[in-house]
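In case you want the letters, here they are:
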Amino acid sequence: MSESENSQRLSRRQFVKGAAVGAASMAAAGMLGGCGSSGQTTPEATAAQGQPTGAAAPWLPAEWHDEADVIVVGTGFAGQAAAITAHDAGADVLVIEKSTEALQGGNSRVCGQGFIAPPENIWDDYFTYLKALTAGLGFPVFPDEAASDETIRFYIEESSKSIKWFEDMGAYVMDDSEAMGGAAKGLFPFFPHMPGAEVVASAPGFYMIGGEYAGPGANWYFLEDQILERGIRKLYETPMTGLVQDPITKEILGVIALREGKDYYIKAKKAVCVCAGGFEYNQQMQRDFQGIANNWSPGTPFNTGETIKVCWAAGADIRNMGNRNAPVYPMDFSIGPKAPYLSAPVVTPKVVAGGAIVVGANNKRFRDEYKSWTTTAGIHNREKSGLDGVVIFNGRVIEDGVYTHEKTPQPMHLIFDEAARLSGPLFSGCFSVQVEGYAPSADNSTELEAGWIIKADSIEELVEKLGRQPDPLFGKVPLQETIDHWNEMCAAGVDEDLGRTGNLTPLEGPPYYAVQLFPNCVNTQGGMVRNTKGQVLDIHGQVIPRLYSAGENGDIWTIVYQCMSNVGGGCYGYGRSAGANAAAEEPWA
Amino acid sequence: MAKQLDAQATGTVCVGGAWTDSPESCCVCTTHVVDVTVSAVPSNVVIGEEFSISVGVQCSAGCNTAGQEVEIYDHLGTRLVTARLGQTSDTEGSSAVTVTLRAPSVEGRYRWTVRYLAPDLEVPHEEARSTFAFAAAAKSEHVVTVEALAREGGEPIPEARLVLRPHVYQGSRYSSRTNETGVGRVHVPKGVYQLYVTGGLHEKLVPTVVVDDDVTIQVVLTEPIHSWRMLPW
C-alpha cells in the first residue's frame, strides 16, 4: 500500500471522519448490485457490521475516509488528461489506481504513443471517414450516441486540440514523419477505401512527444511529470469497487475503493471520472462480450473491467463491448501470463531460420504463418481492400464481404525445431518488457528453462506432452501426418495448402519444441456510453449526475478500430472534457 | 487626456505598456511588461542538498531592473528566498542573479515559482513570474557505463543517447551520450532501472538494469528506431 509522495509532501491527505451525515448509513454498493470484491454489503449486512442504517440518507456511509472535489479512477492517458485539466480548473483532485506505483499507467504507458490530431482544414473529410468507419464497414449499425454526428465531430476537434495542449505544457510534439521517417508512409489511414480517406491521407496520421522524452512511453512520462509537478494526489493499490449513489436522483456522491483489505469510502464533492481502461484481463467478460476464450493482452494486466461493471450497475448504458483491437494472426500470438510477469508475453511464429508451423485444434495448419499486415496486401493496400481473405491490422479478416474476427482454433501450438529455437528471440512483450522488466533471451534458453517452451525427443513424446492424440470424431489428424506433409511441401518448394512463401524449411528433429498459443487482444473498445461532456448516460440517454468517463472504456469504435485514435480522441479529448466539466460541477457537500 | 495627447504629439512613447484613457490618469503610461526567465536548472537535484538556478529579468521598455528583487516560492507556496538582481551586459534592461536553493527532503518531482516584485517606480512594472521544474532524488553514487554498438559489424556508435529511468517512476531520469568510442557514462543512485539507448537508425530497450555498484553494459542496437512506435494501440 502506498500513497504518492506528492500527497505526503503536500500534507493534503484528509480523513474525514464523522461526515455530516446523520447516524444512519449503509454501503451504497449493496444497492448497486454486487460488483467488485470489497465485501460490499446489503443494508442488513451493513447494519450487522455495526454501521447504522435508516436515516434520511441511508445510502451515505457512516464515515468518509477521504475526500476530494474530483476523483479520477485510473492512471492512463485519459486519467492523466482528466486529472490535469480538473486540477488546472481549480479542483482538488484525487487519483486512485488499482496497481502498485511501479506498475501504474495502464496500456498508455506501453502503447506506441501516437495520437491522431487532424488539422482543421480536413475536419469535414475526417468526419466523413470516421462516420463511415463507425457505421460498421458493411454491418448495419444503427446510429447511437457512439456514432452520432455530434460525437464524431467532437472526437475529431478535441483530438486536434491535443497538439496545443501538449505544447502549452512545454512538450515538443513531432508528427509521424519526424517520429518514424519513411516507416509511417502509407500507414494512415487504415481504411483507404473509405469515403474521405484520400484527404485524410494528406495530413500527418499521428503525433507524439519527442525531445527529451523521446522513447518508449514518451507521452505518458511527460504527462506523469505534469501530474507530479502539480502535486496531484494519488492512492495506489486502491481499486474502485463501487459507487456511492443517491438512489432517487442517481447522483454519484463518492467512490467505494478497496484499501488494505477494507472498504474505503471517498467523498467526491463534485464528480467522479472513471478512466480505468477496458477488460482485456477479464476472461469472463471477453467470453461473454467477444465470444473469444483465453484471450490475452500484452498490455496492462490491471484492465479487468470491474469499473465498467460498477458503472453499469449504477445505471450506465454500455456500448461497443464486442469490439476489440488485436494484431491479426500471424503478427504475434499471446502465450498467456507467465510468472513472474503479470502481463502476457507474445511469441512470433515467423522464425528466421529452421522449421516452424502452427497447428490448431485438429492438428492441422490453418493459415500462412508468415502472412502479416506489414508485408502482405492488407487493408492498407487500396487495390486489395474489401477483398475476401484480406486481413487488417486490428483483429479482423474480411469474410463474405464483411469484417469478422480472425480464426483462432484453440488449442493452438507453435511447433519448431532446434534450428528455429536458436535462430533468435521468439518472445517479446509490451507491458511485461517495458514495465515489468522481462528481457527475452536471444536463444530462447531462459524461456525453455522456465517451462514456457515444451521440449520432446520425438514426435510421439511431443504428442503426449501436448495432448494432441488424433481423434477422428473431431477431425483431429495425427500430428506426425501434418509434419510429414509440411516437410514434403518444403521439399517441393510450394505450400499448396495455404500459400505460405516465407521460410519454407522442413521441421527436423529431434528435439522438437512447442509453445501453446492464445489469441492476442491488445485492447477492448467497449464501456460506458457518454456524451461530449464526458458525462455517462443511462439506458434512457439521461445523464447520470456527477459521473464522467474517458478513455478506452467506451470509445466510439463499433466494429473496427484505427490505432492511435482513442489515444487522441477517447483519452486526451474526452479526458480533458470530463476533467473540465467535472471541475465545473457545483459541490454537493 | 489632453496631457496624453500632448505626450503623443511630442513623440513620447509608452513602451511595453499603453496610455490609459481615464480622465484621472490620462497621462499615465501603464505598466511595463517584464519577462522572467529561469535557466541552468539541473534536471535532477539531490534531496536535501543545495543547488543553483539562474534567474533573468527583462523589461520590455529597457528599464534598468538591476538592484530589484525576485522571490522564489516552493510547491507549497512558501517563500524560500529573496534575491537581488545584478546588471548584465547582454541586453539593455536585462538583469540576472544566480540563486542557491535547498532541494526538498522528499524524493519526487517539483515545480517552483520565481516571482518578480513590481517595484515602486515612476512607471509601474507588471509583476511577473515564471516556474521551473526539477526532480529531487538520492545522490548519484554509481556509474553506469554503456558501450553502444551498431547492429552491423559491432562498430561503436558515437553520440548515442542513453536514458535510465527507475522502475518506480517518481520524476527523475538520468541521461547522457556516448563519446566517439561509443562509450557513455551515466551517474545514478542505487536502484533498478530501465535503459533506453538510441543512436543512428537503431535503438534498444534494456528492461532491467540493477545498480548496486558501478555497472558496465554492452548494448547492441538491434531494433529499428521506430520499433516501439508500431505497438498496435
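Residues numbered from 1 in each chain as written. Chains lettered and ligands numbered in written order. Predicted model: local features only at pLDDT ≥ 70, side-chain atom pairs only at ≥ 80, totals over all residues. Heavy atoms only, no water.

1. Some points on the packing of aromatic side chains
Summed over the entire model, instances satisfying the criterion amount to 31 aromatic pairs over all chains. Relative to tyrosine 207 of chain A, the ring of phenylalanine 115 of chain A has its centre 6.2 Å away and its plane inclined at 35°; by these criteria the two rings are tilted. Remark: tyrosine 207 of chain A occurs in strand 4 (residues 207-209) and phenylalanine 115 of chain A occurs in the loop between strand 2 (93-96) and helix 5 (123-134); sequence separation between them is 92 residues. When its relative accessible area of 11% is taken as the criterion, tyrosine 207 of chain A is described as buried. Site record: aromatic cluster; members linked through ring pairs are Phe77, Phe115, Trp165, Phe166, Tyr207, Tyr213, Phe222 and Tyr572 of chain A. Geometry around tyrosine 221 of chain A places arginine 165 of chain B over its ring, the cationic atom sitting 3.4 Å from the centre. (Phe/Tyr/Trp six-rings, centres within 6.5 Å; stacked < 30°, edge-to-face > 60°. Helix = DSSP H or I, 4+ residues; strand = E, 2+ residues; numbered from the N terminus. Buried < 20%, exposed > 50% of the residue type's maximum accessible area, 1.4 Å probe, protein only. Lys NZ or Arg CZ within 6 Å of the ring centre and 35° of its normal.)

2. Let's talk about unusual backbone geometry
Residue and element names in this part refer to chain A. Here the bond from glutamine 410 into proline 411 is cis, since omega is 0°, no more than 30 degrees from zero. Along the chain, proline 411 turns up in the loop between strand 15 (402-405) and strand 16 (412-417). With an omega dihedral of 0°, the bond running from proline 510 to proline 511 counts as a cis peptide bond. With respect to the helices and strands, the residue proline 511 is situated in the loop between helix 17 (479-492) and strand 19 (512-517). Unlike most non-glycine residues, asparagine 320 shows phi in positive territory, near 55°. Tracing the chain through its elements places asparagine 320 in the loop between strand 9 (318-319) and strand 10 (324-325). The backbone of arginine 546 sits at a positive phi, close to 70°, despite the residue not being glycine. Along the chain, the position of arginine 546 falls in strand 23 (residues 543-549).

3. Some words on the confidence of the model for chain B
Counting all residues, the mean pLDDT for chain B is 86, and 83% of those residues have values of 70 or more. Interface predicted TM-score (ipTM) for the complex: 0.87; the corresponding pTM is 0.89. (pLDDT = per-residue confidence, 0-100.)

4. Brief notes about helix 4 (residues 77-88) of chain A
Residues and elements named next belong to chain A. Look at helix 4: 16 Å from first C-alpha to last across twelve residues, which is about the 16 Å you get at 1.5 Å a residue. The element helix 4 is largely enclosed, with a buried count of ten among its twelve residues. For helix 4, the set of buried residues is Phe77, Ala78, Gly79, Gln80, Ala81, Ala82, Ala83, Ile84, Thr85 and Ala86. Buried positions along helix 4 lie against strand 1 (66-73), strand 2, helix 7 (162-168), helix 10 (218-229), strand 8 (262-274) and helix 18 (565-583). (Expected span 1.5 Å × (residues − 1). Contact = heavy atoms within 4.5 Å.)

5. Concerning the pattern of salt bridges
Within this structure, the stated rule accounts for 30 salt bridges over all chains. Of the charged contacts, one joins arginine 111 of chain B and glutamate 229 of chain A as a salt bridge, the two residues approaching to 2.5 Å between their closest N and O atoms. Here glutamate 229 of chain A lies in helix 10 and arginine 111 of chain B lies in strand 8 (residues 108-116), a pairing that spans two chains. Relative accessible area serves as the criterion here: at 28%, arginine 111 of chain B is assigned to the partly exposed category. With relative accessibility at 8%, the residue glutamate 229 of chain A sits in the buried group. (Salt bridge = Lys/Arg side-chain N within 4 Å of Asp/Glu carboxyl O.)

6. A closer look at a negative patch on the surface
Residues and elements named next belong to chain A. A cluster of acidic residues, Glu481, Asp484, Glu488, Glu496 and Asp497, forms a negative patch at the surface. Tracing the backbone shows aspartate 497 in the loop between helix 17 and strand 19. By relative accessible area, which is 45% here, aspartate 497 ends up partly exposed. (Patch = residues over 30% accessible without salt bridge, like charges linked within 9 Å, V, L, I, M, F, W, Y side chains within 5 Å. Areas by Shrake-Rupley, 256 points an atom, 1.4 Å probe, with all protein chains shown as cover. Lys, Arg positive; Asp, Glu negative; His and termini not counted. Charge placed at Lys NZ, Arg CZ, Asp CG, Glu CD.)

7. Concerning the interface of chain B and chain A
Chain B puts 29 residues into the contact, and the matching count from chain A is 50 residues. Carbon and sulfur atoms supply 60% of the area that chain B and chain A bury against each other, a total of about 3600 Å² over both sides. Counting every contact that joins chain B to chain A gives five salt bridges. A salt bridge links aspartate 225 of chain A to arginine 173 of chain B, with the nearest nitrogen and oxygen atoms 3.0 Å apart. The interface formed by chain B and chain A includes 13 residue pairs in polar contact (both at pLDDT 80 or more). Of all elements in the fold, only strand 8, strand 11 (161-166), strand 14 (191-199) and strand 15 (202-211) of chain B reach the threshold of two or more residues within the side of chain B that touches chain A. Considering only residue class, the side of chain B that touches chain A consists of 14 nonpolar, eight polar and seven charged. (Buried area = accessible area lost by both parts, 1.4 Å probe. Polar contact = N/O pair within 3.5 Å; in protein donor to acceptor, adjacent residues only side chain to side chain. Nonpolar A, V, L, I, M, F, W, Y, C, P; charged D, E, K, R; others polar.)

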